[in-house]
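Each chain, letter by letter, is given below.
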Amino acid sequence: MHIRVINPNTTATMTAKIGAAAKAVAGPGTEILAVNPAMGPASIEGYYDEALSIPGLLMEAARAERDGADGIVIACFDDVGLDAVRSLVSIPVVGLCESALTLAARLGPTISVITTLDRSVPALRELCRRYGQGEHARVHASGVAVLELEEAGGTARARLETVITHVLRLDRPDSLVLGCAGMADLARDLSRSFGLPVVDGVSAAVKLVESLVSLGLSTSKSGAYARPADKVYRGALAEFAPGELTGGVVVE
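Criteria and thresholds
Residues numbered from 1 in each chain as written. Predicted model: local features only at pLDDT ≥ 70, side-chain atom pairs only at ≥ 80, totals over all residues. Heavy atoms only, no water. Pairing = 2+ DSSP bridges. Helix = DSSP H or I, 4+ residues; strand = E, 2+ residues; numbered from the N terminus. Axes fitted to C-alpha atoms, helices over the stretch in contact; angles between N-to-C directions. Contact = heavy atoms within 4.5 Å. Salt bridge = Lys/Arg side-chain N within 4 Å of Asp/Glu carboxyl O. Buried < 20%, exposed > 50% of the residue type's maximum accessible area, 1.4 Å probe, protein only. 1 Å grid on protein atoms, 1.4 Å probe; cavity = no way out; pocket = protein on both sides within 12 Å on 5 of 7 lines; lining within 4 Å. Points joined across faces, edges and corners; volume = space filled by probe spheres on them. Expected span 1.5 Å × (residues − 1). Arc of directions from axis to C-beta. Nonpolar A, V, L, I, M, F, W, Y, C, P; charged D, E, K, R; others polar.

Chemist: Before we go on, may I ask you to explain the sheet that holds strand 7 (residues 175–178) in this structure?
Modeler: Backbone-to-backbone hydrogen bonds join strands into a sheet, with any given pair of strands oriented parallel or antiparallel. The strand order 6-5-7-8 describes an open sheet built from four strands, whose pairing is parallel. In the strand order of this sheet, the two ends are held by strand 6 (137–141) and strand 8 (198–200), each with one partner. When the angles between neighbouring strand axes are averaged without regard to direction, this sheet yields 25 degrees. Note that strand 7 and strand 8 share three bridges and pair parallel. Counterpart to Val177 in the pairing with strand 8 is Val199. Its contacts with the sheet place helix 8 (residues 201–214) against strand 7 and strand 8, and it is angled at close to 65 degrees to strand 8.

Chemist: Which parts of the structure should I look at to understand the pattern of salt bridges?
Modeler: Per the counting criterion, the structure on display carries 14 salt bridges. For Asp67, the salt bridge is made with Arg4, and the minimal N-O distance between the two is 3.2 Å. Taken as a pair, Asp67 in the loop between helix 2 (47–66) and strand 3 (71–74) and Arg4 in strand 1 (residues 2–6) lie far apart in primary sequence, 63 residues in all. Residue classification places Arg4 among the buried residues on the basis of a relative accessible area of 4%. In this structure, Asp185 and Lys17 form a salt bridge, with 3.9 Å as the shortest nitrogen-oxygen distance. Remark: Lys17 occurs in helix 1 (residues 12–25) and Asp185 occurs in the loop between strand 7 and helix 7 (187–194); sequence separation between them is 168 residues.

Chemist: In this structure, what is going on with unusual backbone geometry? I would like to understand it.
Modeler: What you tend to see is this: most non-glycine residues have negative phi, and most peptide bonds are trans. The residue Asp79 is not glycine, and still its phi comes out positive at about 50 degrees. As for its placement among the helices and strands, Asp79 is situated in the loop between strand 3 and helix 3 (82–88). The backbone phi angle of Arg172 is positive, close to 50 degrees, even though this residue is not glycine. By the element assignment, Arg172 lies in the loop between helix 6 (156–171) and strand 7.

Chemist: Honestly, the layout of surface pockets in this entry has me stumped. Any pointers?
Modeler: A probe as big as a water molecule, rolled over the atoms, marks out the empty space that is left. In this structure, the largest pocket occupies an estimated 360 Å³ of space. Every residue lining the largest pocket is counted, 17 residues in all, and those nearest its centre are Val25, Ala187, Arg188, Asp200 and Ser203. Residue contributions to the lining of the largest pocket peak at five residues, all from helix 1.

Chemist: How should I be thinking about helix 1 in this particular structure?
Modeler: Turn by turn, an α-helix covers 3.6 residues, leaving residues three or four places apart pointing in a common direction. For helix 1, with 14 residues, the first-to-last C-alpha span of 21 Å sits near the 20 Å given by 1.5 Å per residue. Where helix 1 is buried, its residues contact strand 1, strand 2 (31–35), helix 7, strand 8 and helix 8.

Chemist: Can you help me understand helix 5 (residues 121–130) in this one?
Modeler: The set of residues buried in helix 5 consists of Val121, Ala123, Leu124, Leu127 and Cys128. Projection of helix 5 onto a plane perpendicular to its axis shows the buried side chains occupying an angular sector of 160 degrees, all on one side. The elements touched by buried residues of helix 5 are helix 2, helix 4 (96–104), strand 5 (111–115) and strand 6. Gly132 occupies a position one or two residues after helix 5 and carries a positive phi of about 80 degrees.

Chemist: I keep staring at empty space enclosed by the protein and nothing clicks. Help me out?
Modeler: Here the structure, examined in full by the defined rule, presents one cavity of 30 Å³ or more. Space inside the largest cavity adds up to approximately 130 Å³. If you trace the largest cavity, you find 18 residues lining it, with Ile44, Cys76, Val146, Cys180 and Ala181 closest to the centre. Split into classes, the residues belonging to the lining of the largest cavity amount to nine nonpolar, seven polar and two charged.

Chemist: For this particular structure, what's the right way to read the sheet that holds strand 2?
Modeler: A sheet is described by the order of its strands in space; here four strands give the open sequence 2-1-3-4, paired in parallel fashion. At either margin of the open sheet sits one strand with a lone partner, and together these are strand 2 and strand 4 (93–95). With direction set aside, neighbouring strand axes in the sheet form an average angle of 20 degrees. By the bridge criterion, four bridges tie strand 1 to strand 3 in an arrangement that is parallel. For Val5, the partnering residue across the bridge sits in strand 3 and is Val73. Most of the contacts of helix 1 go to strand 2, to which it runs at about 165 degrees, and overall it touches strand 1 and strand 2. Strand contacts of helix 2: strand 1, strand 2 and strand 3, with the helix running at about 170 degrees to strand 1, the strand carrying the most contacts.

On their own, these measurements won't tell you what the molecule is for.
See the structure below:
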């Protein structure tokens, strides 16, 4: 089984961290390849970054299917471009937020999500509602920017733990969800430190997509995720016409 893990931002060090977290939980028969696009923002923090990360993500998703990948993980907790990628390819595609919330909901009824900056909170609250956890999950910003998590010897970890301590006292949750792919390497240590389940979206997504592939299940093409209609895309987006992007692969 080959799983393509796509970090939609362009920071290679974060992609390497995400890849290591994915490989650590993958089954013995699963090959993980973590990649990021060559075009797009260095980090994704807010709606503008999300929008401009999607073209590069779509290119990588189309490449993954052409290469014979069995499933895709979109490694951004905002579940950037999830619907668009599911429309483009026929293999299973999962996002970090949906996967983490699915697992966390099995661990207890209340969930605290720790993300990066305040601007990310509204989008994640909406995702919690979309995935049926609007009444059970509370989203908190840590004030730690995404790229700060990549700085060796920085204060990001200590600041994150301070916020988590406050959130646990405030929410008294059953589980904690790390709301950024750049936190993927912290889950086990934080779980031991704070004495409750800590769910990392990368790990959760890998196990979910492995399950879908193992069961022979894939994205339905009969409704919302039907293949995009062939049409002309003009200007800088010409190469994103569905037939051009998929290299002629017909998605049934």
